[in-house]
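# Tertiary structure, described
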Amino acid sequence: MKKNSNILVLSYIHNGGEWIAVQRLIKKTKEISPILNFYLIGYTDGTKISEPCFKKVIYVESKIIQPPFSFLKKWVVDFLHIRQALKSLLNQINKLDIVLVSHYLMIFPIYTIAKMRNKKLIFLFHGTKSSLIKKISDIDSRKFMIILLERLAILLSSSIVVPSLFARDYVNSLINPLGKLKRFYIVPNYVDDEFFRIYSKKSLIAVKKKLNISLEDKIILYSGRIVENKGLEELIVAFNTFLSAKENLRIVIAYPESSSNLNLLNQLKIK
């Protein structure tokens, strides 16, 4: 890339894996190529960032819209606010070289601004927002719109970055037969050094005492948001099966309350 290239990131700022993965990607890229300038337009429900990699950050607040037709009305409101943020940023910087998008809703306003229509648009894929449809009764207008918009956003992208071969094949299955026309880049998620830290026995004992867990018990830890389609229900079923053969086990779930499905949490507790 050219010296002092400007890269715009359009992402959903929240306590979840998608945003964490995007932050780590930008941080590592900035370490490798300090000459790159990153700008961020963050779609958020109140979460802010502390990452110093961005030269400029503009937040777009997610609005609470009342029914009827809340999803459609919210999409229009968010569309207009993201478009306004894009125009504001373009007035502050001379040029943009690349646009990275990780949230499907943020792609569409780009095509209403003449200065951005010919920019290289890369979609950072970290999963779909639509839930699985297992039977006809699962289909409603909101789910149908999300499925449609997600696939359209992928098709509108110049290139797609995925974290694995499995993810590439999955995205291809979403947009077949047009997936053959897309250029994919496989960039594994960057793992922070903290994941390789070995904790002392003293620290583990302190955690077990705090959680009122026997010192002889082993812990299986899930850390992340509690939302549908993450396999949490299957995790609990598998744990219960394993527990019948090995009793000195405990499962610990650590989650951000603000972005988790508390109804699902209660169901998991019952199981």
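Scroll up to find the structure.
Quick notes on the rules
Residues numbered from 1 in each chain as written. Predicted model: local features only at pLDDT ≥ 70, side-chain atom pairs only at ≥ 80, totals over all residues. Heavy atoms only, no water. Helix = DSSP H or I, 4+ residues; strand = E, 2+ residues; numbered from the N terminus. Buried < 20%, exposed > 50% of the residue type's maximum accessible area, 1.4 Å probe, protein only. Contact = heavy atoms within 4.5 Å. Expected span 1.5 Å × (residues − 1). Arc of directions from axis to C-beta. Phe/Tyr/Trp six-rings, centres within 6.5 Å; stacked < 30°, edge-to-face > 60°. Pairing = 2+ DSSP bridges. Axes fitted to C-alpha atoms, helices over the stretch in contact; angles between N-to-C directions.

## Description of the environment of I236
Following the sequence through the fold, I236 ends up in helix α6 (residues 232–243). The exposure class assigned to I236 is buried, which follows from its relative accessible area of 7%. Taking the C-alpha atoms as reference, I236 lies 44 Å from P34; in sequence the two are 202 residues apart. Those residues in contact with I236 that sit more than four places away from it in its chain are I251, I253, L268 and K271.

## What to know about the side chain of S11
As for its placement among the helices and strands, S11 is situated in strand β1 (residues 6–13). When its relative accessible area of 0% is taken as the criterion, S11 is described as buried. Discounting residues that sit within four places of it in the chain, S11 has contacts with E18, W19, V22, L40, I41, G42, Y43, S102 and M106.

## A few points about α6
Under the 1.5 Å per step criterion, the end-to-end length of α6 is 16 Å for twelve residues, consistent within 8% with the ideal 16 Å. Within α6 the residues assigned to the buried category are L232, I236 and F239. Looking straight down α6, one finds that the buried residues subtend no more than 65 degrees of arc, so they occupy a single side. For α6, exposure combined with an orientation more than 90 degrees from the buried face picks out E234 and T241.

## So, the packing of aromatic side chains
Under the defined criterion, the tally for this structure stands at four aromatic pairs. With a centroid separation of 5.3 Å and an interplanar angle of 35 degrees, the aromatic rings of W75 and F79 are classed as tilted. Separated by four residues within a single helix, W75 and F79 lie in helix α2 (residues 70–92), roughly one turn from each other. Taken together, the ring pairs in this structure connect W75, F79 and F108 into an aromatic cluster.

## What to know about the sheet that holds strand β3 (residues 54–61)
Reading across the sheet, the seven strands line up as β3-β2-β1-β4-β5-β6-β7 and stay open at both edges, with parallel pairing between neighbours. In the strand order of this sheet, the two ends are held by β3 and β7 (183–186), each with one partner. Looking at each pair of strands side by side, their axes are set apart by 20 degrees on average, direction ignored. The sheet contact formed by strand β5 (residues 120–124) and strand β6 (residues 159–162) spans three bridges and is parallel.

By themselves, these are just geometric observations and shouldn't be taken as functional.
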